[in-house]
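Single-letter residue listing:
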Amino acid sequence: MRERVQLFGKPSSLVGVISEPSQVDARERPAVILLNAGVIHRVGPNRLYVQIARAVAEAGFLALRLDGSGRGDSDVRPSTASFAEGDVKEIQDVMTYLAASRGVGTFVLMGICSGAALAFSIACADRRVAGIVGIEPYIYPTLGFHMRYYARRIFRAASWWNTLTGRNALGRRLLGGWRSAGGPLVDAEMAGATVGPQTVPRETVVQALRDLIARNLRLCMLFSGGGAGGVGVCNYRGQFVAAFPGVDFKDCLRVELIRDADHTFTLLSNQRRLLKTIREWMTATFPVETRETPRT
Amino acid sequence: MIQPLYFGTAEKPLFGVYHAADVRTAKPMGAVVCPPFGHEYIQSYRALRNLAVQLARGGSHVLRFDYFGTGDSAGDGADASVEQWLEDIRVAIEELKDTTGLGRVSLIGLRVGAALAYLASGGRTDIDTLVLWDPVLRGKDFLERGSMVQSAWLKTRPQLRLSAADGASELIGFPVSAGLRRGFEEVDLSRTAAPSVRCCSLVMSEDDPEVSHWAARLESVGMALRCRHVPSANGVWNRVEAVHAAFLPEPELFQAVISEVFGDVP
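First things first, this report covers the structure right here in the doc. Positions within a chain are numbered from 1, following the residues in the order the chain's sequence is written. Chain A is the first chain written and ligand 1 is the first ligand written, with later ones labelled in order. Given that the model is predicted, a residue must reach a pLDDT of at least 70 before its local features are reported, and side-chain atom pairs must reach 80 or more before they are shown or counted; all residues, however, enter totals for whole chains, interfaces and linings. The side-chain quantities take in all heavy atoms of the structure and omit both hydrogens and water.

With that settled, consider empty space enclosed by the protein. Residues and elements named next belong to chain B. Using a grid of 1 Å spacing that covers the protein atoms alone, one calls a set of points a cavity when a 1.4 Å probe fits there but cannot get out, and a pocket when the set is open and has protein on both sides within 12 Å along at least five of seven lines; lining residues are those with an atom within 4 Å of a point. Grid points are joined across faces, edges and corners, and a volume is the space filled by probe spheres set on the points. Inspection of every chain in the model, using the stated rule, returns two cavities of 30 Å³ or more. As a volume, the largest cavity reaches approximately 110 Å³. In this structure, the largest cavity is lined by Phe 15, Gly 16, Val 17, Val 33, Pro 35, Tyr 41, Tyr 45, Leu 48, Arg 49, Arg 64, Phe 65 and Asp 66. Elements with a contribution of two residues or more to the lining of the largest cavity: strand E2 (13-19), helix H1 (39-57) and strand E4 (61-65). Throughout this entry, Asp, Glu, Lys and Arg are counted as charged residues, while Ala, Val, Leu, Ile, Met, Phe, Trp, Tyr, Cys and Pro are counted as nonpolar. The remaining residues, Gly among them, count as polar. Partitioned by chemical class, the residues of the lining of the largest cavity number eight nonpolar, one polar and three charged. In this structure, the second largest cavity occupies an estimated 50 Å³ of space. Lining the second largest cavity we find His 39, Glu 40, Arg 111, Phe 142, Gly 146, Leu 171 and Asn 238. Among the elements of the structure, H1 and helix H4 (139-155) are those that each provide at least two residues to the lining of the second largest cavity. Of the residues contributing to the lining of the second largest cavity, the split by class is two nonpolar, three polar and two charged. Secondary structure follows DSSP: runs of H or I at least 4 residues long count as helices, runs of E at least 2 residues long count as strands, and numbering of each begins at the N terminus.

This is the structure:
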């Protein structure tokens, strides 16, 4: 495995590092692109993207970790496009470059949190995306999520105290009357865990997923046990499918919930589990025939 | 103009970013930036990139880089050591000198990077200025405080389980091997002879009486030393609530570091 710096964009203002497999013709398999997690630069939280890139490269996939505009070492984008549009277009241009320079035809996009969301947006816009590994992607709460969320708190004295004193959403409704606290029954803790997809109508996402599955795009969705207080966006493994009723995922979806991990997989034991899961999914989903290939 | 690159040996390539001095303001100056370790490295990456951009605009060449086993450089975190990192700084110094033709360069270090910059300067005659930004004085203290922050942070994530034994071998997402731990524990700037540099600047965003006391001792042995205390409301060091938060230094703090790098250069 060998790593090289690669600049992208006009001017060459986007900085990336390519991890090249040593024994496989990378043109035969999708290339992996790792998308920034928030504002963290291309090495990823806890250097996770470096570890993932090297792990998949060892498994025979070309991998690129890249700083999008305004992140890490990359300049701010001189464009009037919105952030969302600009981010999608940027990665599409990167894919075009890799296709032309490396002969890569398809791509697997990977990202944590906002990186996962961007991967989804790009996949919807570009048929060259053959797979998505979403780590802590956005997800809608379901009835099962709410039941498990509140069930955990029924046996906590602090939760009863907060309810009786109006310190949580339920308490404010009970004390203030149902009409005085409008909107969904979501307290700050839960709201922080489920931010994101509520701005996009669920029906839009459902249709997008149907389109992606129809073209056989493969999804690997990985969730943790959550952030502060152990509150996560997903608290049971079936939530992802339940969140999108009417979508037949066929055999295109793998979901894992690593309950004893946090949002950025801080503990080394959880990093190892995450890497193992990703590597296994990549090799099983896009099997590689290893053979000696002369380096060009 | 920035140039990301891999340099050093084929066995242990180091990732770096070279910022060429702006031709309109170019001075015969160059600086190697020695970054922090672990989550502090992640927190401060963009800030150090912005620092280098400003320094280059002001006329100084700059080389930022990642130590072996960190960032984009080769190696696993488990293979990192203080001894290797000191060698990496030496390699970075030579790389900048080769690239620019300069005979002397400055070292800028942040947190653990400041301690390493200080140690790497020892015995050298080609270091012009040392700028130590919120330096870690003792590696043992750094590990202990980091461990306390980790323990407090873990309490906010009740689903996480870390045994006491495992807790000694990782620090907020990054491995700390037995060798790295030993290396950190041997770092004690208060017991290290002052390097022979033209000037040393301390820039402090937090009040640290031990560092102030150490600075006074350096002055007493004749080191040309400048101290700047610029309290920062956006500090992230050793704060549980700031784990995984970005370090966004206020303009005054940022400017203090820049002005210390340029010092009295005309």
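A few words on the nonpolar core. Residues enter a nonpolar core if they are buried and are Ala, Val, Leu, Ile, Met, Phe, Trp, Tyr or Cys, with the set joined through side-chain atoms within 4.5 Å. Buried means the residue's accessible area, taken with a 1.4 Å probe over protein chains only, is under 20% of the maximum for its type, while exposed means over 50%, and partly exposed covers the values in between. Phe 37, Ile 89, Leu 132, Phe 184 and Trp 214 of chain B are the most contacted members of the largest nonpolar core, which totals 63 residues. Note on contacts: a residue pair is in contact if any heavy atoms of the two residues lie within 4.5 Å. Apart from the residues within four sequence positions on either side, Ile 89 of chain B is in contact with Cys 34, Phe 65, Tyr 67, Leu 107, Leu 116, Ala 117 and Ala 120 of chain B. Membership of the second largest hydrophobic core comes to 44 residues, among which are Ile 91, Phe 223, Ala 243 and Phe 244 of chain A.

The partner chain A presents 39 residues to the 37 residues of chain B that form the contact. In this description, buried area is defined as the sum, over both parts, of the accessible area (probe of 1.4 Å) that is lost when the two are combined. Taken together, both faces of the contact between chain B and chain A bury some 2,600 Å²; the carbon and sulfur share is 55%. Of all residues in chain B, Arg 46, Asp 72 and Gln 159 of chain B bury the most surface against chain A, accounting for 21% of the area lost on that side. When a carboxyl oxygen of Asp or Glu lies within 4 Å of a side-chain nitrogen of Lys or Arg, that pair is called a salt bridge. In this structure, the connection of chain B to chain A is made through four salt bridges. In this structure, the salt-bridge partner of Arg 42 of chain A is Asp 72 of chain B, at a minimum N-O distance of 2.6 Å. Any N or O atom pair separated by 3.5 Å or less is treated as a polar contact, with the protein-specific requirement of one donor-capable and one acceptor-capable atom, and with residues adjacent in sequence counted only for side-chain atom pairs. Inspection of the chain B/chain A interface yields 22 residue pairs in polar contact (both at pLDDT 80 or more). Those elements that provide at least two residues to the side of chain B that touches chain A are strand E1 (2-8), E2, H1, H4 and strand E8 (174-175) of chain B. In terms of residues, the side of chain B that touches chain A owes the most to one element, H1 of chain B, which gives five residues. Residues belonging to the side of chain B that touches chain A are distributed by class as follows: 18 nonpolar, 11 polar and eight charged.

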